[in-house]
Amino acid sequence: MSAGPLDGIRVLDLSRVLAGPWSTQILADFGADVIKIEVPGKGDDTRAWGPPYLHDADGEEEQGESAYYLACNRNKRSAAINLADPAGAALIRELAAKADVLVENFKVGGLAKYGLDYPSLAAINPRLVYCSITGFGQTGPYASRGGYDFVAQGMGGFMSITGEEHGGPLRAGVAMADLSTGMYATVSILAALRHAERTGIGQQIDVSLLDTQIAMLANQGMNFLVGGVVPGRLGNRHPTVVPYKTFEVADGTIIIAVGNDGQFRQLCKELGVAELGSDPRFVTSRARLINRDAIEAIVQDLVRGLEGHALIERLAACGVPCGPVNNIQQVFEDPFIAARGTVHHFVRDDGVEIPTVAYPGKLSATPASYRYQPPRVGEHSREILGEWLDIDAERLEMLERQGAVSQRPDDPA
């Protein structure tokens, strides 16, 4: 397997749960050596967030191997180091001196008591890119609060525009604030690495769930900033594009997403009402928005008795954006999955398969790679400390005896 574009970049991952691990998984997919630092024994909080759990070769659930954990920790190696032990904290400082990037999501100031805050580590390694992920940032009125995705979705306005028009606020079905923050963290890390390459100077990156969620309001946020409009919930309707929603058909629900006037004319023609494409009430995007209820009702009446799959095929063939509303099983049964290589399967030495959803970007020269299955807690402790710090067996044994480090007992020394 050829080297990835981030081959040679060393990442010290002190983050847990989702936003940080999502970011470091992306770096790992492109070849960075990502070392996941975990609490001895317990490991990442999400290891226990099941069921479902991975099943071993005997069909038994593997505690600590939840689907949630597996979703965001491939291509990493795990070292179990106790930060609360002075010797453990000292090891992290030694590792940080060798690292290019450190990612952490402790509360503001939480690492200072271990001597692992940015000023302390920058003094050891001035080129270190130190990414801090929090709920509310390193500064501001809420900096001392712990942060969760759900809270950020609510405080950031996302839930106020999600849900049925006359219903209550809803969070997204996945942790969009966490995932978006992980993506912004990754982009920021790559930019900071480029700066460090040119100057030899690292920096601290301050990225928060709430900042990110507000940024992800995109056009809805700008609707307020530009027009003073406070958007509300519209169910599956679009705030400015019509018809752009779900419609009931004979066998379920489909999406029709008309993005411009040409597509609208094609929709009308395919549904046998070409004259609607030149009707003054609907001829322009603005007119359709003003007469939203009328055109949506007309389209609904026209498609109600039609079979969904056949209609989707017809509309797609004439350039009208559309699609089914799939459940998760239907997603992974779609031929798209095999054609695009969307799922990768790791196979462990004991024959157990671990599926993973592949990195979605298809790079022609430097694609993502899949080198390591998500690690068990402390699976690589000795290996990592030997490679990065050249620690000998005698010192490793001493560190293990005092509880600063642990290695999985069933893994070779």
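The numbers attached to residues start from 1 for each chain and follow its sequence in the written order. Per-residue local features are limited, in this predicted model, to residues with pLDDT of at least 70; the limit for side-chain atom pairs, both in listing and counting, is 80 or more; totals at the level of whole chains, interfaces and linings are taken over all residues. Excluding hydrogens and water, the side-chain figures rest on all heavy atoms present in the structure.

Draft legend 1. Structural context of the pairing of strand β4 (residues 61–66). When DSSP locates at least two bridges between a pair of strands, those strands are taken to pair. Strands here are runs of E lasting at least two residues and helices are runs of H or I lasting at least four, both read from the DSSP assignment and numbered beginning at the N terminus. Strand direction decides the pairing type here: strand β3 (residues 53–55) and β4, joined by two bridges, are antiparallel. From the neighbouring strand, H55 faces β4, where its bridge partner is E61. Adjacent in sequence and paired antiparallel, β3 and β4 are bridged by five residues, among which G59 carries a positive phi angle near 85°.

Draft legend 2. Region of the structure containing the layout of surface pockets. Definitions used for this entry: grid spacing 1 Å over protein atoms alone; cavity, a set of points where a 1.4 Å probe fits but cannot get out; pocket, an open set with protein on both sides within 12 Å along at least 5 of 7 lines; lining residue, one with an atom within 4 Å of a point. Grid points are joined across faces, edges and corners, and a volume is the space filled by probe spheres set on the points. Put simply, the second largest pocket is a space of about 530 Å³. Looking at the second largest pocket, it is lined by 18 residues, and the ones nearest its centre are F158, I161, T162, G163 and G235. Three classes are used: nonpolar for Ala, Val, Leu, Ile, Met, Phe, Trp, Tyr, Cys and Pro, charged for Asp, Glu, Lys and Arg, and polar for all others, with Gly counted as polar. Looking at the lining of the second largest pocket, its residues break down into eight nonpolar, eight polar and two charged.

Draft legend 3. Seen up close, the sheet that holds strand β8 (residues 203–208). Pairing in this open sheet of seven strands is mixed, and the strands run β8-β7-β6-β1-β2-β5-β14 from one edge to the other. Across the chains shown, the open sheet's two edge strands, defined by having one partner strand only, are β8 and β14 (405–406). By definition, residues are in contact when any of their heavy atoms lie within 4.5 Å. Only the stretch in contact is used when fitting a helix axis, every axis being a line fitted to C-alpha atoms; angles between N-to-C directions are given from 0 to 180 degrees. Packed on one face of the sheet, helix α6 (residues 176–199) meets β6 (101–104), β7 (129–134) and β8 and runs near 165° to β8.

Draft legend 4. Highlighting the pattern of salt bridges. Only one rule defines a salt bridge in this text: a Lys or Arg side-chain nitrogen within 4 Å of an Asp or Glu carboxyl oxygen. According to the stated counting rule, one finds 24 salt bridges in the structure shown. Taking the shortest distance from any N to any O, the salt bridge between E387 and R77 comes out at 3.1 Å. Pair noted here: E387 is in helix α15 (residues 381–389) and R77 is in strand β5 (residues 76–81), with a separation of 310 residues, a long-range link. E296 serves as the salt-bridge partner of R292, at 3.5 Å between the closest nitrogen and oxygen. Separated by four residues within a single helix, R292 and E296 lie in helix α11 (residues 292–303), roughly one turn from each other. When salt bridges with common partners are traced through the structure, they connect E165, R237, R292, D293 and E296 into a single cluster.

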